[in-house]
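Examining the three-dimensional arrangement
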Amino acid sequence: MIDLDSKIKTLWVRQLKKDWEIANHHYFRNRMQLPNIDLLTSENILGKWDGGHKRNLLISAFLIKNYPWAYSQEVLYHEMAHQYVEEILRIRDALPHGEVFQKICHENCFDHKASGDLQTWAGSKSKSKLGLKANKMIDKIHKLLALAQSQNQHEAQLAMVKAQELLLKYNISLLDAETNWNYIHKQIGEIGRKNPIKSLIGTILSKYFFIEAIWVFGYDQHKNKEGRVLEIYGTHENIEMAEYVHDYLHNISEVLWLEHRHKKKIIGNRHRRTFIYGLLHGFSNKLETHVAENKSRSLIWKGDPRLREYYRRRNPRICTERSYYSGSSKDAYNSGLNKGKDLVIHKGIHDHNLGKVRFLN
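Procedures and definitions
- Residues numbered from 1 in each chain as written.
- Predicted model: local features only at pLDDT ≥ 70, side-chain atom pairs only at ≥ 80, totals over all residues.
- Heavy atoms only, no water.
- Helix = DSSP H or I, 4+ residues; strand = E, 2+ residues; numbered from the N terminus.
- Polar contact = N/O pair within 3.5 Å; in protein donor to acceptor, adjacent residues only side chain to side chain.
- Contact = heavy atoms within 4.5 Å.
- Pairing = 2+ DSSP bridges.
- Axes fitted to C-alpha atoms, helices over the stretch in contact; angles between N-to-C directions.
- Phe/Tyr/Trp six-rings, centres within 6.5 Å; stacked < 30°, edge-to-face > 60°.
- Buried < 20%, exposed > 50% of the residue type's maximum accessible area, 1.4 Å probe, protein only.
- 1 Å grid on protein atoms, 1.4 Å probe; cavity = no way out; pocket = protein on both sides within 12 Å on 5 of 7 lines; lining within 4 Å.
- Points joined across faces, edges and corners; volume = space filled by probe spheres on them.
- Parallel < 35°, antiparallel > 145°, perpendicular 65-115°, else oblique.
- Left-handed = near helix turned anticlockwise from the far one by under 90°.
- Nonpolar A, V, L, I, M, F, W, Y, C, P; charged D, E, K, R; others polar.
- Expected span 1.5 Å × (residues − 1).

1. Focus: the side chain of His 185
- Residue position: His 185 is located in strand S4 (residues 183–192).
- Here Tyr 310 takes part through its side chain, which lies 3.0 Å from a polar atom of the side chain of His 185.
- Every residue in contact with His 185, bar those within four places of it in the chain, is listed here: Glu 74, Glu 231, Ile 232, Tyr 233, Tyr 310 and Arg 314.

Structure follows, in structure tokens:
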């Protein structure tokens, strides 16, 4: 059993109700009525739909406390599918996870397995599910990224180009084989305000690293903080690579800005965003030249239609947003742009004390 402060319980239930309203609009066309949403104190049960006259939708407080909020959202959607089958389709005698329920989950890319033992399900989501071929590919890429820390700029650049080419060939081979890919989605980065720098990093990931990305509303249940967060979609191996690049770009941007500020003797962070914006544009331009080089070798990525379908089913009501940024210094932007053209992604090591990626160099 888990004890909860009444204030914390109220805040979590309030957020679950907000998420229910959003999901009801996105996936069920506002056809359902808000049920009685509350928390389970059991450490073993993920969630529960207790229909009939009770109309109780329950989510595990232990899950909320110990795992990312996105896990609780997934269980919420799972229980909403049960609610939809009973209250809208008026099917009450079928098996709880029968054919109709499975169809609702498949159409909306809900996790139909989000039930049963809590720690088994949550643990399986946090574990990597790479196959043998994917593991070998990721291992080769890690070795190439380790070579990319070479002090010889030409060797470093060549290692990163080979890593990207390897990832491209791997994805093309899977498409050609017409295998059934297992797509997942994951929220990465901190929850907060969306800005042009964050948006540009998301664009780089979706354009060059074989994933789809969208900005969604997120929630930090420990800080009671709402905001925007980047959600990415793809295979396990591509998600792993994209998340690493995301963290690397965020971290190296700050490192290179501090170097630039020290070199130029700039006081404060007045031109920080302009410098980083230029840096990311330079890096994006560099990746675009690699795309052109690969095309000359007949290595052309036309996108994955199945991933796009998965992404669309998960996000049926996509709204396009644009982020605009006006630079504060042409010199800062150009300095960042030049740095970005030479930027190389290095292999990092995970600092378990800080929970962040540190760089080998």
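2. A look at the sheet that holds strand S1 (residues 36–40)
- With mixed pairing, three strands are arranged side by side in an open sheet as S1-S3-S2. The strands lining the two open edges of the sheet, one partner per strand, are S1 and strand S2 (47–50). Ignoring strand direction, the axes of neighbouring strands in this sheet form an average angle of 20°.

3. Description of the packing of aromatic side chains
- Under the criterion given, the structure shown has 14 aromatic pairs.
- Measuring from centroid to centroid gives 5.0 Å for Tyr 27 and Phe 110, while their planes differ by 90°, and the two rings are edge-to-face. Of the two residues, Tyr 27 is situated in helix H1 (residues 6–28) and Phe 110 in the loop between helix H4 (99–108) and helix H5 (118–126); the sequence distance between them amounts to 83 residues.
- Note on Phe 110: relative accessible area 6%, which makes it buried.
- Among the aromatic side chains, those forming a connected cluster through ring pairs are Tyr 27, Phe 28, Tyr 77, Tyr 84 and Phe 110.

4. A few points about the side chain of Glu 87
- Here Glu 87 shows up in helix H3 (residues 69–87).
- With residues near it in sequence (within four places) discarded, Glu 87 still touches Trp 49 and Arg 55.

5. Here's the deal with the environment of Ile 345
- Locating Ile 345 in the fold gives a position in the loop between helix H12 (330–341) and strand S7 (348–351).
- Distance in space between the C-alpha atoms of Ile 345 and Gln 149 is 8.2 Å, their sequence separation being 196 residues.

6. Here we look at empty space enclosed by the protein
- Counted by the stated rule, this structure contains two cavities of 30 Å³ or more.
- By volume, the largest cavity amounts to about 50 Å³.
- Lining the largest cavity we find Ile 141, Leu 145, Met 160, Ala 163, Gln 164, Leu 167, Phe 209, Met 241 and Ile 345.
- Broken down by secondary-structure element, the contributors of at least two residues to the lining of the largest cavity are helix H6 (132–147) and helix H7 (153–177).
- Volume-wise, the second largest cavity comes out at about 40 Å³.
- Every residue lining the second largest cavity is listed: Val 161, Gln 164, Glu 165, His 290, Glu 293, Asn 294 and Arg 297.
- Contributions of two or more residues to the lining of the second largest cavity are made by H7 and helix H10 (272–296).

7. Section: the packing of helix H9 (residues 236–264) against H12
- One can describe the packing of H9 onto H12 by two numbers: an axis separation of 11 Å at closest approach and a directional angle of 130°. Taken together, the axes of H9 and H12 lie oblique to each other. Once H9 is placed against H12, the crossing between them reads as right-handed. Here Glu 259, His 260 and Lys 264 of H9 lie close against H12, whose contacting residues are Asp 331, Ala 332, Ser 335 and Lys 339.
- The class makeup of the residues in the contact of H9 with H12 is one nonpolar, two polar and four charged.

8. Structural notes on the sheet that holds S4
- Ordered in space as S4-S6-S5, the three strands form an open sheet in which the pairing is antiparallel. Among the strands making up the open sheet, the edge pair consists of S4 and strand S5 (212–220). Neighbour to neighbour, the strand axes of the sheet diverge by 30° on average, direction disregarded.
- Against the sheet, helix H8 (residues 196–208) makes contact with S4, S5 and strand S6 (225–235), and its axis sits at roughly 135° relative to S5, the strand it touches most.

9. Here's the deal with unusual backbone geometry
- Here the phi dihedral of Asn 30 falls at roughly 60°; this positive angle occurs in a residue that is not glycine.
- Along the polypeptide, Asn 30 turns up in the loop between H1 and S1.
- In this structure Asn 30 comes out as partly exposed when scored by relative accessible area, which is 44%.
- Even without being a glycine, Cys 109 presents a positive backbone phi close to 60°.
- Checked against the element boundaries, Cys 109 lands in the loop between H4 and H5.

10. A word on the packing of H7 against H9
- Contact geometry of H7 with H9 gives a least axis separation of 12 Å together with a crossing angle of 155°. When the axes of H7 and H9 are compared, the pair comes out roughly antiparallel. Read as a crossing pair, H7 and H9 show a hand that is left-handed. Contacts from Leu 167, Tyr 170, Asn 171 and Leu 174 of H7 reach H9 at Glu 237, Asn 238 and Met 241.
- Looking at the contact of H7 with H9, its residues break down into four nonpolar, two polar and one charged.

11. Regarding H1
- Under the 1.5 Å per step criterion, the end-to-end length of H1 is 31 Å for 23 residues, consistent within 8% with the ideal 33 Å.
- Listed in full, the buried residues belonging to H1 are Leu 11, Trp 12, Val 13, Gln 15, Leu 16, Asp 19, Trp 20, Ala 23, Asn 24, Tyr 27 and Phe 28.
- Measuring from the side-chain oxygen of the N-cap residue of H1 to the backbone nitrogen of Lys 7 gives 2.8 Å; that N-cap residue is Asp 5.
- Residue Arg 29 follows H1 closely and has a positive phi angle near 55°.

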